[in-house]
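Residue strings, one per chain:
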Amino acid sequence: METFKAPFRGRSLLSWQDWTPSQIRTMLDVSFQVKAESRRGEVHQRFTGKSIALIFEKRSTRTRSAFETAFGEEGGHPVFLSTQDIQLGGKESVEDTARVLGRMFSAIEFRGFRQEHVELLARYSGVPVINGLTDSFHPTQVLADMMTLKESFEDVRGLNLVFCGDGRNNMARSLMLICAKLGVNFSIYSPAELFPDTEIMEICRPFAQDSGAKITVSDKISVVKGADCLYTDVWVSMGEESLKEKRAELLRPFQVNDELMKATGKDTTIFMHCLPAVKEQEVTEKVFESKASRVWDEAENRKHTIKAIMLCLI
């Protein structure tokens with residue numbers, strides 16, 4: 001079996017809070033390595049004899065596809081487990097499920113609602129656990145975002161990234177955290193009712209001070225001036241469908257459109273979105289399909305960064 005010296009073997013990735021900037025950059029280096037291998041058509045079998053449990057409470061296109069293909073192409077065996085397949089948190093506690101899966105699998109991925117559940121899986125399983133998304137954090141997505149930024153601008157430090165939309169959601173929180181770690185100036189452009197909570201601001205503040213990143217939250221359009229990247233997400237997150245009309249009315253002025261792109265004052269500003277997108281809501285079709293859009297590179301990079309994460313941890 002091919003060997004890969006996993007620099008963080010045995011660790012879990014629940015959010016980027018407990019990872020140093022140097023460790024995150026190592027993950028990015030491995031991401032670029034595996035993307036280059038893919039471009040060269042190389043075949044590696046670094047997960048031969050390994051298995052991973054993929055727990056999904058929420059539907060997924062990119063996260064599921066990235067985990068299954070990345071692990072399978074490396075010779076490993078991914079096993080998809082939906083809430084219809086296992087007893088997680090129902091007939092069986094999360095702790096008990098964790099202890100069973102930890103004895104059968106090399107690692108666990110969890111995509112669901114509660115951050116507490118992914119933390120319990122990590123505490124009780126005894127194997128690396130990767131957060132594929134919770135209501136609080138989406139760490140695998142933002143690593144792919146940093147990779148995409150790096151491809152567009154070479155160095156992410158000192159860049160200005162503005163998130164437009166719901167400033168409380170898991171993407172806004174996760175981007176704030178990784179930007180604070182890596183020295184990316186991060187702003188949220190959202191209505192005051194949807195400003196991020198003080199807890200995540202307090203978590204990120206010391207990291208931003210260490211890296212030199214500036215964190216800004218505003219409901220004024222002037223906050224996008226000088227942005228190197230405008231980033232958005234759907235206006236209604238999974239589980240909040242009942243708020244659809246109210247949320248659309250509140251967020252309509254914060255749509256990423258030609259006017260907002262021009263308000264950056266730069267013709268080099270790129271557009272990013274974690275997908276899926278509801279075009280003509282959070283972003284116009286024109287911007288989504290424009291030369292400034294990096295959404296397809298970003299989506300592809302989910303696979304390379306997820307493969308890198310698994311290689312580093314497993």
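For the structure given in this document, a descriptive report is provided here. Residue numbers run consecutively from 1 along every chain, following the written order of its sequence. Selection of residues for local features in this predicted model requires a pLDDT of at least 70, selection of side-chain atom pairs for listing and counting requires 80 or more, and totals for whole chains, interfaces and linings are taken over all residues. For side-chain calculations, the full set of non-hydrogen atoms in the structure is used, while hydrogens and water are omitted.

1. Digging into the nonpolar core
Phase 1 of the analysis: Only buried Ala, Val, Leu, Ile, Met, Phe, Trp, Tyr and Cys residues count toward a nonpolar core, and they belong to the same one when joined by side-chain atoms within 4.5 Å. Residue exposure (1.4 Å probe, protein chains only): buried if accessible area is under 20% of the type maximum, exposed if over 50%, otherwise partly exposed. Ranked by size, the top nonpolar core spans 59 residues in total, and within it Trp16, Met146, Leu161 and Met310 carry the most contacts.
Phase 2 of the analysis: The dominant element in this core, judged by the number of residues it contributes, is helix 6 (residues 170-182), at nine residues.
Phase 3 of the analysis: Any two residues having at least one pair of non-hydrogen atoms within 4.5 Å are treated as being in contact. Once you skip the residues sitting within four places of it in the chain, Met310 turns out to touch Phe47, Ile52, Phe67, Ala70, Phe71 and Ile130.
Phase 4 of the analysis: In this structure, Cys164, Ala227, Leu251 and Phe288 belong to the second largest nonpolar core, which totals 22 residues. Helix and strand assignments follow DSSP, with helices taken as H or I runs no shorter than four residues and strands as E runs no shorter than two, numbered in order from the N terminus.

2. So, the sheet that holds strand 6 (residues 185-189)
Strand pairs in the sheet, formed through backbone hydrogen bonds, run parallel or antiparallel to each other.
Phase 1 of the analysis: When DSSP finds at least two bridges between two strands, those strands are taken to pair. Spatially, the five strands line up as an open sheet ordered 7-6-5-8-9, and their pairing is parallel. In the strand order of this sheet, the two ends are held by strand 7 (215-218) and strand 9 (270-273), each with one partner. Geometrically, the sheet is characterised by an average inter-axis angle of 20° between neighbouring strands, direction not taken into account.
Phase 2 of the analysis: Alignment of strand 8 (residues 229-232) against strand 9, held across four bridges, turns out to be parallel. Along strand 9, the bridge assignment pairs Leu230 with Phe271.
Phase 3 of the analysis: Along the sheet, helix 5 (residues 139-153) makes contact with strand 5 (160-164), strand 8 and strand 9, crossing strand 9 at roughly 165°. Here an axis means a line fitted to C-alpha atoms, over the contact stretch when the element is a helix, while the angle between two N-to-C directions is reported on a 0 to 180 degree scale.

3. Focus: helix 1 (residues 21-39)
Phase 1 of the analysis: With 19 residues, helix 1 should reach 27 Å at 1.5 Å per residue; the first-to-last C-alpha distance of 27 Å fits that figure.
Phase 2 of the analysis: Inspection of helix 1 places Gln23, Ile24, Met27, Leu28, Val30, Ser31, Val34, Lys35 and Glu37 among the buried residues, and these make up the whole buried set.
Phase 3 of the analysis: Directly beyond the C-terminal end of helix 1, a positive phi value near 75° is found at Gly41. A helix is expected to span 1.5 Å for every residue after the first.

4. A word on the environment of Lys225
Phase 1 of the analysis: Following the sequence through the fold, Lys225 ends up in the loop between strand 7 and strand 8.
Phase 2 of the analysis: Here Lys225 falls in the exposed class, since its relative accessible area comes to 64%.
Phase 3 of the analysis: In this view, Lys225 contacts Ala263 and Thr264; residues no more than four positions away in its chain are not counted.

5. Things to note about helix 7 (residues 198-211)
Residue pairs three or four apart in sequence face the same way in an α-helix, which turns once every 3.6 residues.
Phase 1 of the analysis: Between its terminal C-alpha atoms helix 7 stretches 20 Å, which fits the 20 Å expected from 14 residues at 1.5 Å a residue.
Phase 2 of the analysis: One fitted axis covers the seven residues ending at a residue, a second covers the seven starting there, and the bend at that residue is the angle between these axes. Of all bends in helix 7, the biggest is about 30°, found at Arg205, and the proline Pro206 comes one to four residues later.
Phase 3 of the analysis: Within helix 7, burial applies to Ile200, Ile203, Cys204 and Ala208.
Phase 4 of the analysis: Each element contacted by the buried residues of helix 7 is listed here: helix 6 and strand 7.
Phase 5 of the analysis: In this structure Asp197 caps helix 7, since a side-chain oxygen of it lies 3.0 Å from the backbone nitrogen of Glu199. Identification of polar contacts relies on pairs of N or O atoms within 3.5 Å, with a donor-acceptor requirement for protein atoms, meaning one able to donate a hydrogen and the other able to accept it, and with residues adjacent in sequence counted only if both atoms are side-chain atoms.

6. Things to note about the packing of aromatic side chains
Phase 1 of the analysis: The criterion for an aromatic pair is that two Phe, Tyr or Trp rings (for Trp, the six-membered ring) have centres within 6.5 Å, with stacked assigned to planes under 30 degrees apart, edge-to-face to planes over 60 apart and tilted to the rest. By the definition in use, this model includes seven aromatic pairs.
Phase 2 of the analysis: Centre to centre, the rings of Phe56 and Phe80 are 5.4 Å apart; their planes meet at 35°, and the pair counts as tilted. Of the two residues, Phe56 sits in strand 1 (residues 51-56) while Phe80 sits in strand 2 (residues 77-82), which places them 24 residues apart along the sequence.
Phase 3 of the analysis: For Phe56, a relative accessible area of 4% corresponds to the buried category.
Phase 4 of the analysis: Phe80 sits in the partly exposed class, given a relative accessible area of 28%.
Phase 5 of the analysis: Three or more aromatic residues link up through ring pairs in this structure, and these residues are Phe8, Trp16 and Trp19.
Phase 6 of the analysis: Only when the NZ of Lys or the CZ of Arg is both within 6 Å of the ring centre and within 35 degrees of the ring normal is a charge said to sit over the ring. Its end group placed over the ring of Phe80, Arg64 keeps NZ or CZ at 3.6 Å from the ring centre.
Phase 7 of the analysis: In this arrangement the basic side chain of Lys181 is found over the ring face of Phe207, its NZ or CZ atom lying 3.7 Å from the centre.

7. A few points about the pairing of strand 8
Working note: regular strand, side chains alternate between the two faces of the sheet.
Phase 1 of the analysis: Taking every second residue as pointing to the same face, both faces of strand 8 are buried, with Cys229 and Tyr231 on one and Leu230 and Thr232 on the other.
Phase 2 of the analysis: Inspection of the sheet shows strand 5 paired to strand 8 by four bridges, in the parallel sense. Within strand 8, the position partnered with Val162 by the bridge is Leu230.

8. Examining the pattern of salt bridges
Side-chain pairing between opposite charges can occur once the charged atoms of the two side chains come close.
Phase 1 of the analysis: Here, a salt bridge means any Lys or Arg side-chain nitrogen found within 4 Å of an Asp or Glu carboxyl oxygen. Per the stated rule, a full pass over the model turns up 22 salt bridges.
Phase 2 of the analysis: Among the salt bridges present, the one from Lys307 reaches Glu73, with a minimum N-O distance of 3.8 Å. In this pair, Lys307 is assigned in helix 11 (residues 295-313) and Glu73 in helix 2 (residues 62-73), connecting sequence segments 234 residues apart.
Phase 3 of the analysis: Among the residues examined, Lys307 registers a relative accessible area of 12% and is labelled buried.
Phase 4 of the analysis: Taking the shortest distance from any N to any O, the salt bridge between Asp219 and Lys220 comes out at 3.1 Å.
Phase 5 of the analysis: Here Asp219 falls in the partly exposed class, since its relative accessible area comes to 31%.
Phase 6 of the analysis: One connected set of salt bridges, linked through shared partners, spans Glu37, Arg46, Glu73, Glu74, Lys303 and Lys307.

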